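# Structural characterization, general
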Amino acid sequence: MPSEPVRVGRKRPLPSCPNPLFLNWLTEMRDHAKEKGLKTQYVYQKAINSLKKYPLPLKNGKEAKILQNFGDGICKTLDERLQKYYRENGVDAPIHSLPSGCAQTQPINNNLAPPKPSSACSRNPSGEVGANVRNAEGDAGKEKGGKKTKKREYVPQKRSGGYAVLLTLYRHSQLPGSKGFMFKNELQTEAQSLCDKSFTVPDLGSKYTAWSSVSTLIQKDLLLKTHNPARYSLTELGLALAERLESGERGKDDEQGEEKRSEAEDLGERPGTVDLTLDEEKEKDDDDDDDESEDDCSLRARPTIAASETHTERVAPVSSLSGISKASDTGEGYLLPGSYDIVLCVDFIETTGGNTARKQELVKELQRNGVMFDVRKLNVGDFLWVAREKVTPVPGQLRPPVAKELVLDYIIERKRMDDLCGSIMDGRFREQKFRLKRCGLHKPIYLVEECGSAAAHLSLPESTLQQAIVNTQVVDGFFVKRVQDVKESAAYLTVMTRYLQKLYQNCTLFCRSRELEGNEECDQESGAAVRENPHCNLISFTEFNCGAVKNKCQTVRDVFARQLMQISGISGDKAAAILEQYSTVSSLLKAYAQCTTEAEGEKLLSSIKYGKLKRNLGPALSRTVYQLYSTRGPLS
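Residues numbered from 1 in each chain as written. Predicted model: local features only at pLDDT ≥ 70, side-chain atom pairs only at ≥ 80, totals over all residues. Heavy atoms only, no water.

## Here's the deal with the packing of aromatic side chains
Enumeration according to the criterion identifies 12 aromatic pairs in this entry. Summarising the aromatic geometry, the rings of Phe 22 and Trp 25 are spaced 5.8 Å apart at their centres and angled 35° between planes, so their arrangement reads as tilted. Separated by 3 residues within a single helix, Phe 22 and Trp 25 lie in helix 1 (residues 20-35), roughly one turn from each other. Here the two residues Phe 22 and Trp 25 agree in accessibility, since each one is buried. The cationic tip of Lys 179 hangs over the ring face of Phe 181; the distance from NZ or CZ to the ring centre is 5.7 Å. Lying over the aromatic face of Phe 541, Arg 376 brings its terminal NZ or CZ to 4.5 Å of the ring centre. (Phe/Tyr/Trp six-rings, centres within 6.5 Å; stacked < 30°, edge-to-face > 60°. Helix = DSSP H or I, 4+ residues; strand = E, 2+ residues; numbered from the N terminus. Buried < 20%, exposed > 50% of the residue type's maximum accessible area, 1.4 Å probe, protein only. Lys NZ or Arg CZ within 6 Å of the ring centre and 35° of its normal.)

## A look at the sheet that holds strand 2 (residues 223-226)
One open sheet accounts for 3 strands, arranged 1-3-2; its pairing is antiparallel. On the outer flanks of this sheet lie strand 1 (182-183) and strand 2, each paired with one strand and no other. Here 2 bridges tie strand 1 to strand 3 (residues 231-234), and the two strands are oriented antiparallel to one another. Within the sheet, the bridge partner assigned to Phe 183 lies in strand 3 and is Arg 231. Lying over the sheet, helix 6 (residues 161-173) contacts strand 1, strand 2 and strand 3, oriented at roughly 85° with respect to strand 3. (Pairing = 2+ DSSP bridges. Contact = heavy atoms within 4.5 Å. Axes fitted to C-alpha atoms, helices over the stretch in contact; angles between N-to-C directions.)

## Here's the deal with the pairing of strand 11 (residues 508-512)
Burial analysis of strand 11 places 5 of its 5 residues in the buried class, which makes it a mostly covered element. Every second residue of strand 11 is oriented toward a common face, with Thr 508, Phe 510 and Arg 512 on one face and Leu 509 and Cys 511 on the other, all of them buried. By the bridge criterion, 2 bridges tie strand 4 (residues 334-335) to strand 11 in an arrangement that is antiparallel. From the neighbouring strand, Tyr 334 faces strand 11, where its bridge partner is Phe 510.

## A short note on helix 3 (residues 72-89)
For helix 3, with 18 residues, the first-to-last C-alpha span of 26 Å sits near the 26 Å given by 1.5 Å per residue. Among the residues of helix 3, those classed as buried are Ile 74, Cys 75, Leu 78, Arg 81, Leu 82 and Tyr 85. Each buried residue of helix 3 lies within a common arc of 125° when the element is viewed along its axis, so the set occupies one face. Structural note: helix 3 exposes Asp 72, Lys 76 and Arg 87 on the side pointing more than 90 degrees away from its buried face. Tucked into the core, helix 3 has its buried residues touching helix 1 and helix 2 (40-53). Positive phi appears at Gly 90, one or two residues downstream of helix 3, with a value of about 100°. (Expected span 1.5 Å × (residues − 1). Arc of directions from axis to C-beta.)

## Observations concerning the confidence of the model for the chain
Put simply, the chain has an average pLDDT of 76, and 71% of its residues get 70 or more. Low pLDDT (under 50) marks residues 267-332, which in the prediction has 35 contacts with non-local residues, meaning those over four places away or in another chain. Every residue in residues 517-535 is under pLDDT 50, and counting partners more than four places away or in other chains gives 23 contacts. (pLDDT = per-residue confidence, 0-100.)

Structural data, given as structure tokens:
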């Protein structure tokens, strides 16, 4: 008896979809939307995927609504196509199989040539000839070409945010003595001239600025963001791309130079020829009217002398302003006298919330006094002053250019007596003083406002509040100003604003970075020194406000300092003195582990000097800290 031949695979292939007619129609609709570039192509594709997974036959489009990604629109379209199909092929026409001679849409195979359209299949129910075949051929060509095409490298568009950032960082890295990175505010200022969009102000109707492209550069591994405040530098890929962009920029400049030289040669001018008539015209315009009576000889001799004098006047300020080169290295530049306004910045908390009527009274008083002020969010302090650059609107632009803002060294924390009492009880008083000391401004002011009859109902005795005020002035070194009410507070802010306007009237202001320069440089600077030396190194408002964020990322040292300041009796100065010896908890625990006896560990911190008077920390606080970090059980 002959053996049966071995059967390989299935006897007949299972149908890929029990609803091939619906599948074909959805495919046609998807391809039609794709040709027109409509986003509905993705909706149809999702519906196709759901239909392929459904194992049961459907009688009409309404039944397909149970499937995912099938809405009323798709179901209605399928029913309309189904009715048209019945009219053309009869009511008994099968819907769970394709018409005779029409092949079902198969997955595209790149190894096989696309099948030729037959007469029965080339005309679809909607009357379009060969649409399925053409779409299949086009999709096959795209898929085939997509496999061979190499992924295109990301190159930012010219004059875009990414283009400006890459070029700015590259040019900064080529400078001698470059630090290899830039901060956000200086990078934005330097890159603005290379970009058509603003880095800080979004376009009308959009929430994105040119700075939004930085996230794309980081994702493409072209830009590296480290530290806090953030430092931006180029990666190896970014450096290579920036070099190509810079070479393209230089090539364009060379072409423009060649065009100008060729134009000059066409006009008959030699490259080395200098036209002195322009200088003479400028000098004549600058001369006073009473000089017109001089003779021709003096007029001919004047341009040479005037030119030399003008050149001396232009060069002299640059040589005398020795800080300009330093300021320009930071990328922020400087503000010359007369090119800026002194503006009072008011924290928005001082104008909203709580007793709104009383807070609005402060704003009305400032307006009545003619004070130039601006309400904004301040991360530390209630009032401060900025030197805001005077800018003029550019014709054709909706908004004027972004003005530089440098923060003056004066900052005010305003406290009513009842608020002072509450801040002492919940711990905000010490924390606010600590943050004011570290904000980078060196002349903090505490403005204490009386609260009238409400002082009799405070939770703390008046002697405690008076002692806290005295400690703020004597121990912490703050200037304390006491006023009676809101009107007197507004009067003090008005007087301070006018005083600072006069004080900085003839000053050239330079921008410095807190990261690059120590905060101790200006500690000994007095008001008289400011008057004698008009060059002031100030922090930009953006860097100041970002650095004063309350809940920003903290280092281990910062967390250790906060832990120490929670201990009763340890102030900011005492915590700073401990951190100078032991910067982290780990280093302190290692020092305790090296102590041979418990008594030695309890006295480890007692001889540490703190404050201006260099007093000892004392054995009591030293023992408390030792017990906190060395005792496993409850403290005694």
